[in-house]
Amino acid sequence: MQNAYKSMPALIAHRGAGAFAPENTAAAISLAVELGATWCEVDVTISADAVAVLHHDVDLERCSNGHGLVVKHSLAQLKMLDMGSWFDPKYHQQRILTLPELLQQANELKLGLNLEIKPTIGLETETVAAVAKALEDTPANHPILLSSFNIHALREAKIQLPNLTRALNVEAIPHNWHERVSEVDAHGLHFQLQFFDAALVKQILQAGIYCASYTVNDKTDADRLYKAGVNAIFSDYPNLLTL
């Protein structure tokens, strides 16, 4: 297995350039690269016909003109939705990205990817299978990291995509972090900025587990995390470190 963390930069663009363009869209991915990103984090779920698509929420309301659950819509139905006007009317032509479309774009942009698997509870196997199919159909030319809050998805990822690096996402770093990471055989732990604990981060790093923090949109916070040894941060501002 090639450890994706070995090539991970200090800053990963969160859902593309999420501060400047509608998250998880082709526009946000392209803009992130324009702003200096070499890695992007995106959210992957599935359509009703089991196609891997980029979307964070289980429902469509926040980031589109659609209604209801993503997983209850076919890809054809999802492709009809406006995924950009909620952010700015100039993005009205943005459509939901399939994972193969993203992989093609990332290959063209020479972009590493953190694919956060966000399955509907109960559809973990199907969601990981859709990710695996996308990667088979459109192989990535650059590093891929799989992460999830969902332990069942990570277990499936180990079975279906054993050669890819895995990370466990949490909000607060649990005191039994070693047990939790070992449970899913993860290589990294990603935690929420508000729950930063320097002592626990030190323990994790000393155990050879990689650490990353989300969502970091302030340089002072970034510096504090880097000083503690955190390997990477996720930011809505791909240019945060140069602002």
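Our subject is the structure that appears above.
## Details of the packing of helix α4 (residues 124-137) against helix α5 (residues 151-160)
A pair of packed helices is captured by two measures, namely the crossing angle of their axes and the spacing between those axes.
And then number 1: In the contact formed by α4 and α5, the axes pass within 9 Å of each other and the chain directions differ by 45°. The orientation of α4 with respect to α5, classified from their angle, is oblique. As for how α4 packs across α5, the hand of that crossing is right-handed. Contacts between α4 and α5 pair Glu124, Thr125, Val128, Ala129 and Ala132 from the former with His152, Ala153, Glu156, Ala157 and Gln160 from the latter.
And then number 2: The residue inventory of the contact of α4 with α5, partitioned by class, reads five nonpolar, three polar and two charged.

## Structural notes on the pattern of salt bridges
When the charged atoms of two side chains with opposite charge come close together, those side chains can pair.
And then number 1: Tallied over the full model, the rule gives 11 salt bridges.
And then number 2: Asp57 is the partner of Arg62 in a salt bridge, and the nearest nitrogen-oxygen pair spans 2.7 Å.
And then number 3: Accessibility expressed as a relative area gives 17% for Asp57, which makes it buried.
And then number 4: The residue Lys133 makes a salt bridge to Asp137 at a minimum N-O spacing of 2.7 Å.

## Here's the deal with the pairing of strand β6 (residues 165-169)
And then number 1: The buried fraction of β6 amounts to five of the five residues, a majority that puts the element mostly inside the structure.
And then number 2: Alternating residues of β6 divide into Thr165, Ala167 and Asn169 and Arg166 and Leu168, and every residue in both groups is buried.
And then number 3: The sheet contact formed by strand β5 (residues 144-148) and β6 spans four bridges and is parallel. Considered in β6, the bridge of Ser147 is made with Ala167.
And then number 4: Traced from β5 through α5 to β6, the parallel crossover comes out right-handed.
And then number 5: Sheet analysis places β6 next to strand β7 (residues 188-192), joined by three bridges and oriented parallel. Opposite Asn169, over in β7, you have His190 as the bridge partner.
And then number 6: The parallel pair β6 and β7 is bridged by helix α6 (residues 177-183), and the resulting crossover is right-handed.

## A look at unusual backbone geometry
And then number 1: Looking along the chain, the bond that leaves Tyr214 and enters Thr215 is cis, with omega of -25°.
And then number 2: Relative to the helices and strands, Thr215 resides in the loop between β8 (210-214) and α8 (219-227).
And then number 3: Despite not being glycine, Arg15 has its phi angle at roughly 55°, a positive value.
And then number 4: Positionally, Arg15 belongs in the loop between β1 (11-14) and α1 (26-34).
And then number 5: Given a relative accessible area of 15%, Arg15 falls into the buried group.
And then number 6: Positive phi, close to 60°, is recorded for Ala50, a residue that is not glycine.
And then number 7: Along the chain, Ala50 turns up in the loop between β2 (39-46) and β3 (52-54).

## Some words on helix α3 (residues 99-109)
And then number 1: Every buried residue belonging to α3 is among Leu99, Leu102, Leu103, Gln105, Ala106 and Asn107, and all of these are buried.
And then number 2: In the core, the buried residues of α3 are packed alongside α1, β2, β3, β4 (112-117), α4 and β5.
And then number 3: One or two residues past the end of α3 sits Lys110, with phi positive at roughly 55°.

## Here we look at the state of the cysteines
And then number 1: Across all of its chains, the model carries zero disulfides by this definition.
And then number 2: As a non-bridged cysteine, Cys63 has Cys40 as the owner of its nearest cysteine sulfur, 16 Å distant.

## Structural notes on the nonpolar core
And then number 1: With 38 residues, the main nonpolar core has Leu99, Leu102, Leu113, Leu115 and Leu146 as its most contacted residues.
And then number 2: Looking at this core, the element that brings in the most residues is α4, giving six residues.
And then number 3: With residues up to four places along the chain from it excluded, the contact list for Leu99 reads Val44, Ala52, Val53, Leu54, Leu115, Val131 and Ala134.
And then number 4: The next biggest cluster of nonpolar side chains, apart from the first, holds 24 residues, and it includes Leu168, Val170, Ile173 and Leu225.

## Quick word on the side chain of His73
And then number 1: Mapped onto the secondary structure, His73 falls in the loop between β3 and α2 (75-78).
And then number 2: Engagement of the side chain of His73 in a polar contact is seen with the backbone oxygen of Leu69, the distance being 2.7 Å.
And then number 3: For His73, the contacting residues outside a window of four places in its chain are Ser47, Ala48, Asp49, Leu60, His67, Gly68 and Leu78.

## So, the pairing of β7
And then number 1: Counted residue by residue, β7 has five buried out of five residues, so it is predominantly covered.
And then number 2: Residues Gly188, His190 and Gln192 of β7 are buried on one face, and the alternating residues Leu189 and Phe191, pointing to the opposite face, are buried as well.
And then number 3: Relative to β8, β7 runs parallel, the two sharing five bridges. Paired with Phe191 across the bridge in β8 is Ser213.
And then number 4: Handedness of the crossover is the feature at issue here: the chain leaves β7, passes through helix α7 (residues 198-206), returns alongside β8, and the resulting connection is right-handed.

About the criteria used
Residues numbered from 1 in each chain as written. Predicted model: local features only at pLDDT ≥ 70, side-chain atom pairs only at ≥ 80, totals over all residues. Heavy atoms only, no water. Axes fitted to C-alpha atoms, helices over the stretch in contact; angles between N-to-C directions. Helix = DSSP H or I, 4+ residues; strand = E, 2+ residues; numbered from the N terminus. Parallel < 35°, antiparallel > 145°, perpendicular 65-115°, else oblique. Left-handed = near helix turned anticlockwise from the far one by under 90°. Contact = heavy atoms within 4.5 Å. Nonpolar A, V, L, I, M, F, W, Y, C, P; charged D, E, K, R; others polar. Salt bridge = Lys/Arg side-chain N within 4 Å of Asp/Glu carboxyl O. Buried < 20%, exposed > 50% of the residue type's maximum accessible area, 1.4 Å probe, protein only. Pairing = 2+ DSSP bridges. Right-handed = clockwise from strand over helix to strand, strands pointing away. Disulfide = S-S within 2.5 Å. Core = buried A, V, L, I, M, F, W, Y, C linked by side-chain atoms within 4.5 Å. Polar contact = N/O pair within 3.5 Å; in protein donor to acceptor, adjacent residues only side chain to side chain.

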